[in-house]
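Residue-level structural notes
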Amino acid sequence: MRKDFGPQTWILPMPVLVIATYGDDGTADVMPAAWGTIYDYGKILIALAMDHKTVKNLKKTKAFTVSVATKDQLEAIDYAGIVSGNNTPDKMERTGFTLEKSKFVNAPLIQELPVTLECELQEITSDDCAVIGKIVNASAEESVLDESGKPDLGKVQPVVFDSVKNEYYALGDVVGKAFRTGAGRKG
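Residues numbered from 1 in each chain as written. Predicted model: local features only at pLDDT ≥ 70, side-chain atom pairs only at ≥ 80, totals over all residues. Heavy atoms only, no water.

1. Overview of the packing of aromatic side chains
For the coordinates displayed, the defined rule picks out one aromatic pair. With centroids separated by 6.0 Å and ring planes inclined at 55 degrees, the aromatic side chains of phenylalanine 161 and tyrosine 168 adopt a geometry described as tilted. Residue classification places tyrosine 168 among the partly exposed residues on the basis of a relative accessible area of 31%. (Phe/Tyr/Trp six-rings, centres within 6.5 Å; stacked < 30°, edge-to-face > 60°. Buried < 20%, exposed > 50% of the residue type's maximum accessible area, 1.4 Å probe, protein only.)

2. Observations regarding the pairing of strand 3 (residues 28-33)
Among the six residues that make up strand 3, six are buried, leaving the element largely enclosed by the rest of the structure. Burial along strand 3 is two-sided: the residues Ala28, Val30 and Pro32 and Asp29, Met31 and Ala33 are all buried. Bridge count for strand 2 (residues 17-22) against strand 3 is six bridges, and the pairing is antiparallel. The residue of strand 3 that forms the bridge with alanine 20 is valine 30. Between strand 2 and strand 3, which pair antiparallel and follow one another directly, the connecting turn spans five residues, one of which, glycine 26, has a positive phi of 90 degrees. (Helix = DSSP H or I, 4+ residues; strand = E, 2+ residues; numbered from the N terminus. Pairing = 2+ DSSP bridges.)

3. A short note on the sheet that holds strand 12 (residues 167-170)
Here we have three strands laid out as an open sheet, ordered 1-11-12, and antiparallel in their pairing. Looking at which strands have only one partner, the edges of the open sheet turn out to be strand 1 (14-15) and strand 12.

4. Here's the deal with the sheet that holds strand 6 (residues 63-68)
Read from one edge to the other, the open sheet built from seven strands follows the order 3-2-6-9-10-5-4, with strand pairing classed as antiparallel. Of all the strands in the sheet, the pair left with one neighbour each is strand 3 and strand 4 (36-40). The average angle at which neighbouring strand axes cross in this sheet is 35 degrees, direction not considered. In terms of strand pairing, strand 2 meets strand 6 through four bridges, oriented antiparallel. Following the sheet pairing, valine 18 is matched in strand 6 by serine 67. Taken strand by strand, helix 1 (residues 53-61) contacts strand 2, strand 3, strand 6, strand 9 (115-124) and strand 10 (130-140), and its axis lies near 50 degrees from that of strand 2. Lying on the sheet, helix 2 (residues 74-82) is in contact with strand 2 and strand 3; it crosses strand 3 at an angle near 100 degrees. (Axes fitted to C-alpha atoms, helices over the stretch in contact; angles between N-to-C directions. Contact = heavy atoms within 4.5 Å.)

In structure tokens:
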């Protein structure tokens, strides 16, 4: 028997994404976000509240990076979500992240996060603050690549968010192959 909960934001799990921007003064800011997804081929959509420092930066610089949160960096990532860049100007320094400027957009890359999308802002919707970005480059550290040269989830150790219990989980085991596991099923 099912139990009804009414409308909830329970897409389980949700990826933990780390958004990094520069302010117009060149100061970097970072925040985690769980409400994000691929919007269309070559585009990403992230739901953010309008009052975030990140959104203010996006409006000015029109660029951002989106990194996959990792198990090894979870403490710094969670801290970045607890503390507001509006009130803590040295928030980025307190995370301990090492930055380098993207070659493709006016936004920082976080060296400790090995998989990143580099994006140009396309739109911020005024009603619900959905940030839509065009992905201009995807980059990954060689240390997390498999033998075919693509990111390996086991090496990345991405973190996902459980919005029901407010807990983080690290992804791990392969349980099937897409477009192959169900191929032998008769139906």
